[in-house]
Amino acid sequence: MLCERCKIREANIQYTEVINGVRTEHNFCAQCAREMDFGQYSAIFDGEFPLAQLLSGLLGGEVPAQKKDHLKQIVCPTCGTTYEEFVNNSCFGCADCYGVFDLLIQDNIRQLQGSDSHKGKRPVYRSAPEPDLEAGEEDGISQGREDSPEAQIRMWDRKLKEALRMEEYETAAVCRDKIRELKGGDQADA
Amino acid sequence: MLKWFEQPEQESGNIVCSKVRLARNWSEYVFPSRLSQEQSKELLSKLGEGLKDLGDLDGRDYESAYLSDLTELDRRALQERRILNSSILEKKSPMSLLITREEDISLVLNGMDHIRIQVLLPGLRLAEALKTADQIDDYVNARFDYAFDEKYGYLTSFPTNMGTGMRATAMVHLPSLSMGKKFPAMLNDMGRFGVSIRGVYGEGRENYGALYEISNQKTLGRTEKELTDLVNKVAIQLNDQENQVREMSLKRHRLEREDEVYKSYGVMKYARRLTMKDAMTFLSQLMSGVCDGLVKLEEPCPVFRLMLGIQTANLQKLSDRPLGKEELDMARAAYLRSELPGIF
Ligand SMILES: [Zn+2]
Ligand SMILES: [Zn+2]
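Reading the values: rules and limits
- Residues numbered from 1 in each chain as written.
- Chains lettered and ligands numbered in written order.
- Predicted model: local features only at pLDDT ≥ 70, side-chain atom pairs only at ≥ 80, totals over all residues.
- Heavy atoms only, no water.
- Helix = DSSP H or I, 4+ residues; strand = E, 2+ residues; numbered from the N terminus.
- Areas by Shrake-Rupley, 256 points an atom, 1.4 Å probe, with all protein chains shown as cover.
- Contact = heavy atoms within 4.5 Å.
- Polar contact = N/O pair within 3.5 Å; in protein donor to acceptor, adjacent residues only side chain to side chain.
- Salt bridge = Lys/Arg side-chain N within 4 Å of Asp/Glu carboxyl O.
- Nonpolar A, V, L, I, M, F, W, Y, C, P; charged D, E, K, R; others polar.
- Buried < 20%, exposed > 50% of the residue type's maximum accessible area, 1.4 Å probe, protein only.
- Pairing = 2+ DSSP bridges.
- Donors = N, O, S within 2.8 Å, 3.2 Å for Na, K, Ca; no water.
- Tetrahedral: all angles 85-135°; square planar, octahedral: opposite > 155°, others 65-115°.

**Q** Would you mind going over the overall build of chain B in detail, with residue names and values included?
**A** A count of helices and strands for chain B gives 11 helices and 12 strands. If one aligns the C-alpha atoms of chain B with their principal axes, the spans along those axes are about 65 × 45 × 35 Å. Accessible area for chain B stands at about 14,800 Å²; split by element, carbon and sulfur atoms hold 50% of it.

Here it is as structure tokens:
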């Protein structure tokens, strides 16, 4: 196959780009690949920014094999996004994914975004933060009580994050199972 | 009702339009990629119900539609007019669109995020676009609690949007600057300033019409104002550089420039067949000719409107049957013959 940039030399570098979950494959020769800034090249494609691809590249590359096996077990209890799906699609499945994959992505986020903390607008209206026993909201979304499944899920979720932080993957797996169990029994209003 | 790009009172400069887009998610649901068809429908009906009086906020008329109720051609035409992006067109699950008749304000629901608010204005008016988007954002937020994190800001499907969830974009016409040898290197360099530039129309690596979009690359760790100011600054700089090159060429080669502009006009006025590439090139010539005062249009008409008019989906929509490639080139020429205003 010829290089798609110069159309002269043989392409020996394959570059996979994921934009908003859509994969595109490109083939370049070594010389063109060296001359190109991939981030910029892909910016001419339509859709979102391709930095997401960078993220999965970074994540995919640097993790040692035995650790990778542990990582592979990580699944977001809320939406079911697995570590592998996350790495391949560079896409969060839900708000809780941020907590679940937080430790894995911190450094990469900093690299990707040049920062790791938000500055700027905050929501004007916010529902009560987690540990509170706030009664229902205007449109009937109840926050739940201390012993409600929701509260328990939050508790296990905190334990899960802590376990991941300590790299205690077995504990994390237990927490995850608990959360799943609780979610499973509560599917009617999920 | 004129759409934003049809409004005649626009000044004819190099900066075609400004766009601000905010990505938001409702804390009650997982993100769109993880929603089942049923959940997507449920989400859409709740969002639709909550936002049905959005017009009360600004006295504007919003139309709403499920994207699946529009024809493929309508969706592609919306993409040409910068309302939908290509990832949305490829997405299969239920989505809906709230849009003003002028098409300056639009909300895509359950696209890549639950709610994406977009404000699109002619000229360089990013601060104004941000202000409008911000008001709509608060209106939505009063009804739907957002997924927000103290550290990561607004939580979005893609890590490239987290933080402010904001993308500010300015579309700039750079016909002379983009001819320069250093232009590709300059585009690459822009990454260092935290902005990204890409061609708007074209095929492969070839750009048609010399229109470029400048956007903030990063979304985390800087305020909305800092990000829009950055895009604003780069847009002004590129605009100034473009004008410098053009002034120089006008001084040295005025006759050649006039000749190019009038020839482009003449071809568009009489041609029977025009490829996309040729038509975009001629319109680009006309755009800079109007901007530099080399020609005056009899009736005020933003040249960008004509550029949108000759895009494929729009031409297909104007025709009563599907057009082949040759027929499209004929339809494009016919469109320009009838829409091109007189000059003096
Ligand atoms: Zn090559
Ligand atoms: Zn998740």
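**Q** So what's going on with the overall build of chain A? Which residues, and what values?
**A** Along the backbone of chain A there are 9 helices and 2 strands. Secondary structure elements of chain A occur, N-terminal to C-terminal, as β-β-α-α-α-α-α-α-α-α-α. Restricting the contact set of chain A to residue pairs at least 6 apart, pairs at least 24 apart contribute 43%.

**Q** Pulling in residues and values, what's your account of the side chain of Arg167(B)?
**A** All names here are of chain B. As for its placement among the helices and strands, Arg167 is situated in strand E8 (residues 166-173). A distance of 2.9 Å separates a polar side-chain atom of Arg167 from the backbone oxygen of Asn216. A distance of 3.2 Å separates a polar side-chain atom of Arg167 from the backbone oxygen of Gln217.

**Q** Any chance you could break down unusual backbone geometry for me, citing the residues and the numbers?
**A** Even without a glycine there, the phi angle at Arg82(B) is positive, about 70 degrees. By the element assignment, Arg82(B) lies in the loop between helix H3 (72-80) and helix H4 (86-90).

**Q** So what about the interface of chain B and chain A? Which residues, and what values?
**A** Each partner contributes residues to the interface: chain B has 61 residues there, and chain A has 53 residues. In this structure, the connection of chain B to chain A is made through 8 salt bridges. Among the ionic pairs, Lys119(A) bridges to Glu226(B), the shortest N-O distance being 3.2 Å. Residue assignment for the side of chain B that touches chain A shows that the elements contributing at least two residues are strand E1 (15-24), H4, helix H5 (126-143), strand E7 (153-154), helix H6 (183-189), strand E9 (195-199), strand E12 (211-216) and helix H7 (224-270) of chain B. Considering every element that reaches the side of chain B that touches chain A, the biggest residue donor is H5(B), with 6 residues. Residue classes in the side of chain B that touches chain A are distributed as 18 nonpolar, 23 polar and 20 charged.

**Q** So, the pairing of E8(B): which residues are in play, and what are the values?
**A** Residue and element names in this part refer to chain B. Taken across its 8 residues, E8 has 8 buried, putting it largely inside the fold. Every second residue of E8 is oriented toward a common face, with Met166, Ala168, Ala170 and Val172 on one face and Arg167, Thr169, Met171 and His173 on the other, all of them buried. Relative to E8, E1 is paired through 7 bridges, and the arrangement is antiparallel. Each residue of the ladder has a partner; that of Leu22, found in E8, is Met166. Judged from the 5 bridges that link them, E8 and E12 form a sheet pairing that is antiparallel. Its bridge partner being in E12, Ala170 is matched across the sheet by Ile214.

**Q** Please provide a residue-by-residue account of the coordination of the zinc ion (ligand 2), values included.
**A** Residue and element names in this part refer to chain A. Coordination of the zinc ion (ligand 2) by the protein is provided by Cys76 (SG), Cys79 (SG), Cys94 (SG) and Cys97 (SG), with metal-donor distances spanning 2.2 to 2.4 Å. One can describe the site at the zinc ion (ligand 2) as tetrahedral: its 4 donor atoms subtend angles covering 99 to 122 degrees at the metal. Going along the chain, you hit the donors of the zinc ion (ligand 2) in the pattern C-x2-C-x14-C-x2-C. Placement of the pair is Cys76 in the loop between helix H4 (65-72) and helix H5 (83-89) and Cys94 in the loop between H5 and helix H6 (95-100), with a sequence separation of 18 residues. Judged by its relative accessible area of 1%, Cys76 falls in the buried class.

**Q** Just give me the short version of the pairing of strand E5 (residues 115-122) of chain B, but keep the residues and values in it.
**A** Residues and elements named next belong to chain B. Of all 8 residues making up E5, 8 are buried, and the element is well covered by its neighbours. Taking every second residue as pointing to the same face, both faces of E5 are buried, with Ile115, Ile117, Val119 and Leu121 on one and Arg116, Gln118, Leu120 and Pro122 on the other. As judged from the 8 bridges shared by E1 and E5, these two strands associate in the antiparallel manner. Bridge pairing links Val20 to Val119 in E5. Taken together, the 5 bridges between strand E4 (residues 105-109) and E5 define a ladder with antiparallel strand orientation. Residue Leu107 lies in a different strand from E5, and its bridge partner there is Ile117. In this antiparallel pair of consecutive strands, E4 and E5, the connection spans 5 residues, and Asn110 shows a positive phi of 60 degrees.

**Q** Please give an account of the environment of Lys178(A) that cites residues and values.
**A** Residues and elements named next belong to chain A. Within the fold, Lys178 resides in helix H9 (residues 169-184). Take Lys178: its relative accessible area is 32%, and that puts it in the partly exposed class. Distance from Lys178 to Met155, taken between C-alpha atoms, is 10 Å for residues 23 residues apart in sequence.

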